[in-house]
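# Observations on the model geometry
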Amino acid sequence: MKINLLKGRLGKHRFHLMLVHFPSALYPFSFVMDALSLWLNDPAFGFAAFYSLTGALGMSVVAMIYGVIDFLQIDSKHSAWKTAGLHALLNVSWFIMFSVLLFYRLKHDVGVVYISVTGLVVVGILFSNYLGGELIVKHKIGIDDRE
């Protein structure tokens, strides 16, 4: 199986589609751990939330790099181009929000407002993930049907 880092492929599989599952799972996990930390007054859950948020942001950077590579391969006249653009714009927005939340929690305690904002951003991520799934299922972006 041939690995092409510049095209973002492992054989005929795209890296972006493989990498997005990590932040998609870690952002909501961080939210749940923060909520449990506040509810149970247990700092261990807060540490888990911090490290999962840090991991999600790190994996998001790599996923965004390969997402840009995939986005540039879509023809601007293709019906999926606008959906892909919205998907990218929203995910960059959520990345910025989560980055701000991470820097906030370095200096301040996590409270109800922090967890509420995190919850709203997680809902936004779920919508962005829906758009990404639509690109795969409906428009067959990232799917190589050739044998």
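In what follows, the accompanying structure is described. (Residues numbered from 1 in each chain as written. Predicted model: local features only at pLDDT ≥ 70, side-chain atom pairs only at ≥ 80, totals over all residues. Heavy atoms only, no water.)

### Re the nonpolar core
Tyr 27, Leu 53, Leu 57, Trp 94, Phe 98, Tyr 114 and Ile 125 are the most contacted members of the largest nonpolar core, which totals 16 residues. Sorting the residues of this core by element identifies α3 (43-72), α4 (81-107) and α5 (112-137) as the ones contributing at least two each. Other than its neighbours up to four places away in sequence, Leu 57 contacts Tyr 27, Phe 95, Phe 98, Ser 99 and Leu 102. Residues Ala 80, Ala 84, Leu 135 and Ile 141 belong to the second largest nonpolar core, which totals 5 residues. (Core = buried A, V, L, I, M, F, W, Y, C linked by side-chain atoms within 4.5 Å. Buried < 20%, exposed > 50% of the residue type's maximum accessible area, 1.4 Å probe, protein only. Helix = DSSP H or I, 4+ residues; strand = E, 2+ residues; numbered from the N terminus. Contact = heavy atoms within 4.5 Å.)

### Description of the sheet that holds strand β1 (residues 3-4)
Read across the open sheet, the 3 strands follow the order β1-β2-β3; overall the sheet is antiparallel. Of all the strands in the sheet, the pair left with one neighbour each is β1 and β3 (13-14). (Pairing = 2+ DSSP bridges.)

### Digging into the side chain of Ser 128
Summarising the element assignment, Ser 128 is placed in helix α5. Judged by relative accessible area, Ser 128 falls into the buried class, the value being 0%. Beyond its immediate chain neighbours, meaning those up to four positions away, Ser 128 contacts His 87, Leu 90, Asn 91 and Trp 94.

### Looking at a nonpolar patch on the surface
A grouping of Val 61, Val 62 and Ile 65 is seen on the molecular surface, where their side chains present a nonpolar patch of about 210 Å² in accessible area. Looking at the secondary structure, you find Val 61 in helix α3. Of the residues examined, Val 61 reaches a relative accessible area of 36% and is grouped as partly exposed. (Patch = residues over 30% accessible without salt bridge, like charges linked within 9 Å, V, L, I, M, F, W, Y side chains within 5 Å. Areas by Shrake-Rupley, 256 points an atom, 1.4 Å probe, with all protein chains shown as cover. Salt bridge = Lys/Arg side-chain N within 4 Å of Asp/Glu carboxyl O.)

### What to know about the packing of α4 against α5
It is the contact of α4 with α5, at a shortest axis distance of 9 Å, that shows an interaxial angle of 155 degrees. Judged by the inter-axis angle, α4 sits roughly antiparallel to α5. The way α4 lies across α5 gives a crossing that is left-handed. Classifying every residue of the contact of α4 with α5 by side-chain character gives 17 nonpolar, 7 polar and 2 charged. (Axes fitted to C-alpha atoms, helices over the stretch in contact; angles between N-to-C directions. Parallel < 35°, antiparallel > 145°, perpendicular 65-115°, else oblique. Left-handed = near helix turned anticlockwise from the far one by under 90°. Nonpolar A, V, L, I, M, F, W, Y, C, P; charged D, E, K, R; others polar.)

### Some remarks on the packing of aromatic side chains
A complete count under the given rule lists 5 aromatic pairs for this structure. Between Tyr 27 and Phe 98, the ring centres sit 4.0 Å apart and the planes meet at 10 degrees, which makes this aromatic pair stacked. Taken together, the residues Tyr 27 in helix α2 (residues 21-40) and Phe 98 in helix α4 connect sequence positions 71 residues apart. Here the aromatic rings of Phe 50 and Tyr 51 are separated by 5.2 Å at their centres, their planes lie at 75 degrees, and the arrangement is edge-to-face. (Phe/Tyr/Trp six-rings, centres within 6.5 Å; stacked < 30°, edge-to-face > 60°.)

### Quick word on the environment of Phe 47
Looking at where Phe 47 falls in the secondary structure, it is placed in helix α3. Placed 13 residues apart in sequence, Phe 47 and Asp 34 show a C-alpha to C-alpha distance of 8.6 Å.

So, to be careful, I would describe these as geometric facts and stop short of saying anything about function.
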